[in-house]
Amino acid sequence: MPYLKNKNSKFITLEGIDGAGKSTQLNWLAEHLRSQGRNVLVTREPGGTPLGEMLRELLLHQSMHLETEALLMFAARREHLDKVILPALQAGNWVISDRFTDASFAYQGGGRGLDEGKLRILEKWVQQDLQPDLTLLFDVPVEISRQRLSSNSSLDRFEQEKQDFFQRVREAYLRRAAQFPDRVRVIDGRQSVDAIQTELEVIISTI
Ligand code: TYD
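Small disclaimer: the values here were computed from a predicted structure and weren't measured. (Residues numbered from 1 in each chain as written. Predicted model: local features only at pLDDT ≥ 70, side-chain atom pairs only at ≥ 80, totals over all residues. Heavy atoms only, no water.)

## A look at the packing of helix H1 (residues 22–35) against helix H8 (residues 193–205)
1) Next: Running from amino to carboxyl end, H1 crosses H8 at an angle of 45°, the nearest separation of the two axes being 11 Å. Judged by the inter-axis angle, H1 sits oblique to H8. H1 and H8 meet at a crossing whose hand is right-handed. For the pair H1 and H8, the contacting residues are Thr24, Gln25, Trp28, Leu29, His32 and Leu33 in the first and Val193, Ile196, Gln197, Leu200, Glu201 and Ile204 in the second.
2) Next: For the contact of H1 with H8, the per-class residue count stands at seven nonpolar, four polar and one charged. (Axes fitted to C-alpha atoms, helices over the stretch in contact; angles between N-to-C directions. Helix = DSSP H or I, 4+ residues; strand = E, 2+ residues; numbered from the N terminus. Parallel < 35°, antiparallel > 145°, perpendicular 65-115°, else oblique. Left-handed = near helix turned anticlockwise from the far one by under 90°. Contact = heavy atoms within 4.5 Å. Nonpolar A, V, L, I, M, F, W, Y, C, P; charged D, E, K, R; others polar.)

## Describing the site of the ligand
1) Next: With respect to spatial proximity, 16 residues lie near the ligand, and among them Asp18, Arg99, Ser104, Tyr107 and Gln108 are the closest.
2) Next: Glu159 places a side-chain nitrogen or oxygen 3.2 Å from an oxygen atom of the ligand.
3) Next: The pocket occupied by the ligand, as judged from atoms lying within 2 Å of grid points, is the largest pocket.
4) Next: Put simply, the parts of the chain that give the shell around the ligand at least two residues each are helix H2 (50–61), helix H3 (66–90) and helix H4 (101–111).
5) Next: The leading source of residues in the shell around the ligand is H4, at four residues. (Near = heavy atom within 4 Å. Polar contact = N/O pair within 3.5 Å; in protein donor to acceptor, adjacent residues only side chain to side chain. 1 Å grid on protein atoms, 1.4 Å probe; cavity = no way out; pocket = protein on both sides within 12 Å on 5 of 7 lines; lining within 4 Å. Sits in = over half its atoms within 2 Å of the grid points.)

Remember, this is a structural readout, not a statement about activity or role.
Structure below.
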């Protein structure tokens, strides 16, 4: 059965390398949409369900084969779609997810070098044709993201990766943006918080 959405619903995802500033904007965006009378559900990946949060704990702290990592990301996503995202979209809500499948292409594909064809198979399997209506890609040079992370004392398995890993992740994200220009909007994360919010208001008003 195809995954159906209510026509009033919107699915928005936020992406970017660690330290790009997406978390700061996520709460603002949710409040902004709520102030316009939208019902907004905020969620995250990996995670978003009790089982997904257990998988997140493993993914962020346990070393594993890169294909195991990709499979667990998509396992968590399958659960997330079934229990949280699809019911909310079918009820006509707006869903904002802190990361989704672009992160798998960027981190497992770009960062770790997993074959994209395998990721496309998992994508099709887990989400059929469902895609976000809008993806906001917060983009910053890797040096800036590293500076922002250096103030954080407990780094997870991904955040501990070296600079060239993040460089590959960033490039993979930018390739996704070039491949899906109607869906993915690149936000320059070096701008001030206020300037980014002004830009987001404009983008949101067009979807
Ligand atoms: P993140 O969203 O950055 O959370 P926090 O802000 O709490 O650190 O952490 C999730 C990590 O998981 C991030 O480093 C990217 C990684 N990730 C993948 O590698 N693949 C995926 O498909 C997803 C959703 C996340």
